[in-house]
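Here are the chains, one letter per residue:
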Amino acid sequence: MKISCNVIRDILPLYVEDMASQDTRDLVEEHIASCENCKKRLEEMRTFEEPPVDTDIAPLRNIQNTLRRKKLQTIILSVMVTLVFAVVTMAYLTTPEYIPYNENAVSIIEKDDGTVLLNFSEEVSGFNVNQSPAADNSGYVYDITTWETIWDQKISKNQLENTVLNPNGETVSSIYYYNTDGSENTLIYGDSITNGSVVTLPRLVLSYYVLFAIGFSLICGIGWALFRKNEIIKNGLEIIILLPISYMLAHLLIKGLHSATYLAGRDFYAILLVTIPLYFALLAGRNILKKLSVKKPKSTL
Ligand SMILES: [Zn+2]
């Protein structure tokens, strides 16, 4: 029986895939030897369906890489979330609870050599001193306040040591104790610098940083909307915009909705310490979400 080209073409895929029996192989080869059309068809199939060995395992390797990357990202995500949680908890435990002025909180010890010592009571966990030159050039005016923290009350009780207010021998004109509730400062040493009342105000620098972060993310957001067809710019902006977003979230976690602070440095570092792991957590989260949303349409096709 003469085998038609159609029959040969039906079994060519098996032949190419090396899944045909020896009898079928002989049959195909016999036909090919005398049929130019089928020979050509076979060559086409071979060049098309037999990619080089290297790319043949590439999909497998890709899957392996994807799995490994996904695992790594999940690890990064959990480590970073843990870090964020740890820093926020630590910041909460060490948040200053300002102590309103009372005579026991801090007392002033004047020494013969002109140094002035601050002596704190047991309840005090920390203190802050602002130094500014007196208006009449008689020396310096000091504003101090004290606070306690949950950490020191509940976990580690460490007694503050006496602190020298003027280590370089500056003249201490007056010392005020400032309250953080907006009430006026209390003169605790020296002469009053003014006839009226003095109030030490919190710093607002953190709100400028938040405004900057909002502005920066708005610009990124607009850029994203304009260039969302360009995959590279879109991805780049998504990676960049997570930075100000992390900062704003970190601010919320550390300061809540407030931004006024008597300890700008401490609050800013705490916010930065949360921003960094939060950023990497969001990046990892974004990548994981992105993979999921890419896979879904494929599986429904
Ligand atoms: Zn043929």
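Refer to the structure printed above.
Here is a short report on the structure shown in this document. (Residues numbered from 1 in each chain as written. Predicted model: local features only at pLDDT ≥ 70, side-chain atom pairs only at ≥ 80, totals over all residues. Heavy atoms only, no water.)

**Description of helix 5 (residues 58–93)**
Stage number 1. For helix 5, with 36 residues, the first-to-last C-alpha span of 51 Å sits near the 52 Å given by 1.5 Å per residue.
Stage number 2. Here helix 5 has its buried residues at Gln 73, Met 80, Val 84, Val 87, Val 88, Ala 91 and Leu 93. (Helix = DSSP H or I, 4+ residues; strand = E, 2+ residues; numbered from the N terminus. Expected span 1.5 Å × (residues − 1). Buried < 20%, exposed > 50% of the residue type's maximum accessible area, 1.4 Å probe, protein only.)

**So, the packing of helix 7 (residues 205–226) against helix 8 (residues 231–255)**
Stage number 1. Interhelical geometry of helix 7 versus helix 8 gives an angle of 155° and a closest axis separation of 9 Å. With respect to their mutual orientation, helix 7 and helix 8 come out roughly antiparallel. The element helix 7 and its partner helix 8 pack so that their crossing is left-handed. Contacts from Leu 206, Tyr 209, Val 210, Ala 213, Ile 214, Phe 216, Ser 217, Cys 220, Gly 221, Gly 223 and Trp 224 of helix 7 reach helix 8 at Lys 234, Leu 237, Glu 238, Ile 240, Ile 241, Pro 244, Tyr 247, Met 248, His 251 and Lys 255.
Stage number 2. Counted by class, the contact of helix 7 with helix 8 contains 14 nonpolar, 4 polar and 3 charged residues. (Axes fitted to C-alpha atoms, helices over the stretch in contact; angles between N-to-C directions. Parallel < 35°, antiparallel > 145°, perpendicular 65-115°, else oblique. Left-handed = near helix turned anticlockwise from the far one by under 90°. Contact = heavy atoms within 4.5 Å. Nonpolar A, V, L, I, M, F, W, Y, C, P; charged D, E, K, R; others polar.)

**What about the packing of helix 1 (residues 5–16) against helix 2 (residues 22–34)?**
Stage number 1. Relative orientation of the contacting elements helix 1 and helix 2 amounts to 125°, with a least axis distance of 10 Å. Viewed along their axes, helix 1 and helix 2 adopt a mutual orientation that is oblique. Handedness of the helix 1/helix 2 crossing: left-handed. Contacts from Cys 5, Ile 8, Ile 11, Leu 12 and Tyr 15 of helix 1 reach helix 2 at Thr 24, Arg 25, Leu 27, Val 28, Glu 29 and His 31.
Stage number 2. Of the residues belonging to the contact of helix 1 with helix 2, the class tally is 7 nonpolar, 2 polar and 2 charged.

**Concerning the packing of aromatic side chains**
Stage number 1. Tallied over the entire structure, the rule returns 10 aromatic pairs.
Stage number 2. A ring pair is formed by Tyr 209 and Phe 268, whose centres lie 5.0 Å apart and whose planes are at 50°; its orientation type is tilted. In this pair, Tyr 209 is assigned in helix 7 and Phe 268 in helix 9 (residues 264–300), connecting sequence segments 59 residues apart.
Stage number 3. Judged by relative accessible area, Tyr 209 falls into the partly exposed class, the value being 35%. (Phe/Tyr/Trp six-rings, centres within 6.5 Å; stacked < 30°, edge-to-face > 60°.)

**Details of the coordination of the zinc ion**
Stage number 1. The coordination sphere of the zinc ion contains the protein donors Cys 5 (SG), His 31 (NE2), Cys 35 (SG) and Cys 38 (SG), at a distance range of 2.0 to 2.4 Å.
Stage number 2. Taken together, the 4 donor atoms surrounding the zinc ion define angles of 96 to 122° at the centre, an arrangement classified as tetrahedral.
Stage number 3. One chain supplies every donor for the zinc ion, spaced along it as C-x25-H-x3-C-x2-C.
Stage number 4. Judged by relative accessible area, which is 8%, His 31 ranks as buried. (Donors = N, O, S within 2.8 Å, 3.2 Å for Na, K, Ca; no water. Tetrahedral: all angles 85-135°; square planar, octahedral: opposite > 155°, others 65-115°.)

**Here we look at a nonpolar patch on the surface**
Stage number 1. On the surface, a nonpolar cluster with roughly 610 Å² of combined accessible area is contributed by Leu 204, Tyr 208, Tyr 209, Leu 211, Ile 214 and Leu 218.
Stage number 2. Tracing the backbone shows Tyr 208 in helix 7. (Patch = residues over 30% accessible without salt bridge, like charges linked within 9 Å, V, L, I, M, F, W, Y side chains within 5 Å. Areas by Shrake-Rupley, 256 points an atom, 1.4 Å probe, with all protein chains shown as cover. Salt bridge = Lys/Arg side-chain N within 4 Å of Asp/Glu carboxyl O.)

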